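Topology and contacts: notes
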Amino acid sequence: MQNVTIVSHLTPEEWKLSWKDKVVEDTRENMKEYQSSSCFWGHFKNTTDFTICYHKEFEIKGMSFGMYFNGKLEWDEQGSKITGKFGKKKTADIFLIAGIILCLLALVGATLQSDSEVSIVSSVLLIILLIFYLVKPKRGQERILNQLKKISFDDKFRGKAGGRKKGIPKKKKKRSMREKARVEIREEKAEDEKEGISGAEETEKISETAADRSESAQAENIEIMEVADGSVAAESSRNRSCG
């Protein structure tokens, strides 16, 4: 399968608006409405992965041998990037593989029975089926690729989906060894400063408690001295009265 990469100047939101304008959403309602017309079918499997193919008029869905494109929509510095591969539909691959197996069985049986007519017919059919299975039609690829380019480079939808840089993931810059060393030194200094601040706070708390204790002790000593002075004065007054 061929790898495809398209870089668009539209953001993913703008790209999806252009997609809705140029691709018919693959739903049951649209299947009935667009059955008799030729158009591009497609749908998003999630926010980034999508599938697109070309639908011919009166073509039954799932019974075509045409090409499809499985792509992925991603952010890019210029806008968005579309990557993906071409391939055939699964139903077509299953049908071709089954036909190849039947032709091989018929060829082996005709060879064993020496039936030249059957062997020639089965060989021709086998070659045709192998060509359909292995060869990817360039016309179908170019048709889908041109449609993807129309979606990607339509200026009509530029600037219609809000901010351009909204949701763009920031690229992390790799630090050099010097920068890492500087960061480690700064972190160590910050930790030392935190430890110094915490130690100073502890010493302040200890000094405050010691000061409070000393003040309470001084107050107790003063009270004791006042009580002692009062008792001495009382005894001297008694002695005077007795004399």
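Below or above, wherever it landed, is the structure these notes cover. (Residues numbered from 1 in each chain as written. Predicted model: local features only at pLDDT ≥ 70, side-chain atom pairs only at ≥ 80, totals over all residues. Heavy atoms only, no water.)

We now examine the nonpolar core. Ranked by internal contacts, the top residues of the largest apolar core, which has 16 residues, are W15, F50, I52, F69, I144 and L148. With residues up to four places along the chain from it excluded, the contact list for W15 reads S8, L10, F44, F50, L73, S80, I82, L148, I151 and S152. (Core = buried A, V, L, I, M, F, W, Y, C linked by side-chain atoms within 4.5 Å. Buried < 20%, exposed > 50% of the residue type's maximum accessible area, 1.4 Å probe, protein only. Contact = heavy atoms within 4.5 Å.)

So, on to the packing of helix α1 (residues 12–22) against helix α5 (residues 138–152). Axis separation between α1 and α5 bottoms out at 8 Å; the angle between their running directions is 130 degrees. The angle between α1 and α5 falls in the class oblique. Regarding α1 and α5, the two cross each other, and that crossing is right-handed. Contact residues: α1 offers W15, S18, W19 and K22, while α5 offers Q147, L148, K150, I151 and S152. For the contact of α1 with α5, the class distribution of residues is 4 nonpolar, 3 polar and 2 charged. (Axes fitted to C-alpha atoms, helices over the stretch in contact; angles between N-to-C directions. Helix = DSSP H or I, 4+ residues; strand = E, 2+ residues; numbered from the N terminus. Parallel < 35°, antiparallel > 145°, perpendicular 65-115°, else oblique. Left-handed = near helix turned anticlockwise from the far one by under 90°. Nonpolar A, V, L, I, M, F, W, Y, C, P; charged D, E, K, R; others polar.)

Two side chains that carry opposite charge are able to pair once their charged atoms sit near each other. For the structure on display, the rule yields 4 salt bridges. Ionic pairing is found between K156 and D21, a salt bridge with its closest N-O pair at 3.6 Å. In this pair, K156 sits in the loop between α5 and α6 (177–242) while D21 sits in helix α1, placing the two residues 135 residues apart along the sequence. Taking the relative accessible area as the measure of exposure, K156 reaches 46% and is therefore partly exposed. (Salt bridge = Lys/Arg side-chain N within 4 Å of Asp/Glu carboxyl O.)

Here the focus is the sheet that holds strand β3 (residues 39–44). Read from one edge of the open sheet, 6 strands run β1-β6-β5-β4-β3-β2, paired in mixed fashion. Strands at the two margins of the open sheet, each flanked by one partner only, are β1 (3–8) and β2 (24–25). Judged from the 6 bridges that link them, β3 and strand β4 (residues 49–55) form a sheet pairing that is antiparallel. When the bridges of β4 are listed, H43 appears paired with T51. The sheet contacts of α5 involve β1, β3, β4, β5 (67–76) and β6 (79–88), and relative to β4 the element is tilted by about 125 degrees. (Pairing = 2+ DSSP bridges.)

We now examine the side chain of S122. Here S122 is to be found in helix α4 (residues 116–134). One polar contact links the side chain of S122 to the main-chain carbonyl oxygen of S119, over a distance of 3.0 Å. (Polar contact = N/O pair within 3.5 Å; in protein donor to acceptor, adjacent residues only side chain to side chain.)

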